[in-house]
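Architecture and fold: a report
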Amino acid sequence: MLFCLLLAVAGGLITLVSAPGQAADEPGPAPVMIVQPGDTLWDIATRHSGGRGRDATIEEIRRLNHLDGYSVDAGQRLTLPRRG
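Sequence positions are assigned chain by chain, starting from 1 and proceeding in written order. Local features in this predicted model are restricted to residues of pLDDT 70 or higher, and side-chain atom pairs are both shown and tallied only at a pLDDT of 80 or more, whereas totals for entire chains, interfaces and linings draw on every residue. To get the side-chain values, all heavy atoms of the structure are used, and hydrogens and water are removed first.

1. Considerations on the packing of aromatic side chains
Note the following rule: When two rings of Phe, Tyr or Trp (its six-membered ring) have centres within 6.5 Å they constitute a pair, described as stacked for plane angles under 30 degrees, edge-to-face for angles over 60, and tilted for the intermediate range. A ring is considered to have a charge above it if a Lys NZ or an Arg CZ atom is located within 6 Å of its centre and within 35 degrees of its normal.
A complete count under the given rule lists one aromatic pair for this structure. Across the ring face of Y70, the terminal group of R62 is positioned such that the distance to the ring centre comes to 4.0 Å.

2. A word on the side chain of T57
We count it as follows: Helix and strand assignments come from DSSP, with helices taken as H or I runs of at least 4 residues and strands as E runs of at least 2, each series counted from the N terminus. In this scheme, a residue with accessible area under 20% of its type's maximum is buried, one over 50% is exposed, and one in between is partly exposed, where area comes from a 1.4 Å probe on protein chains only. Contacts are assigned to residue pairs that have any heavy atoms within 4.5 Å of one another.
Here T57 shows up in helix α3 (residues 54-65). In this structure T57 comes out as buried when scored by relative accessible area, which is 0%. Ignoring any residue separated from it by four or fewer positions in sequence, one finds T57 in contact with A45, H48, S49, R52 and P81.

3. So, the pattern of salt bridges
Under the convention used in this document: In what follows, salt bridge is the name for a side-chain nitrogen of Lys or Arg lying within 4 Å of a carboxyl oxygen of Asp or Glu.
Enumeration according to the criterion identifies four salt bridges in this entry. With its nearest N and O atoms 3.5 Å apart, the salt bridge here joins D39 to R47. Between R54 and D55 there is a salt bridge, with its nearest N and O atoms 3.6 Å apart. D55 gets classed as exposed once you look at its relative accessible area, which sits at 53%.

Listed below in structure tokens is the structure:
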């Protein structure tokens, strides 16, 4: 009986130690782009939306860059959301 208990505890410890959590992975830097002449926030969001949708991407870009409005200027550096 004691042997079974020790075996179960040892197995649990091995499982915890051998299975690294995803939260431990350090994310890389967020993607950054320089706005080109003629670019709009809608164009940028459409190109970088992935499966998230343009409107959600626009709002995430605005949040990441502390934008009050919806306009961007050529030469402006924008942090983009990570594609999930």
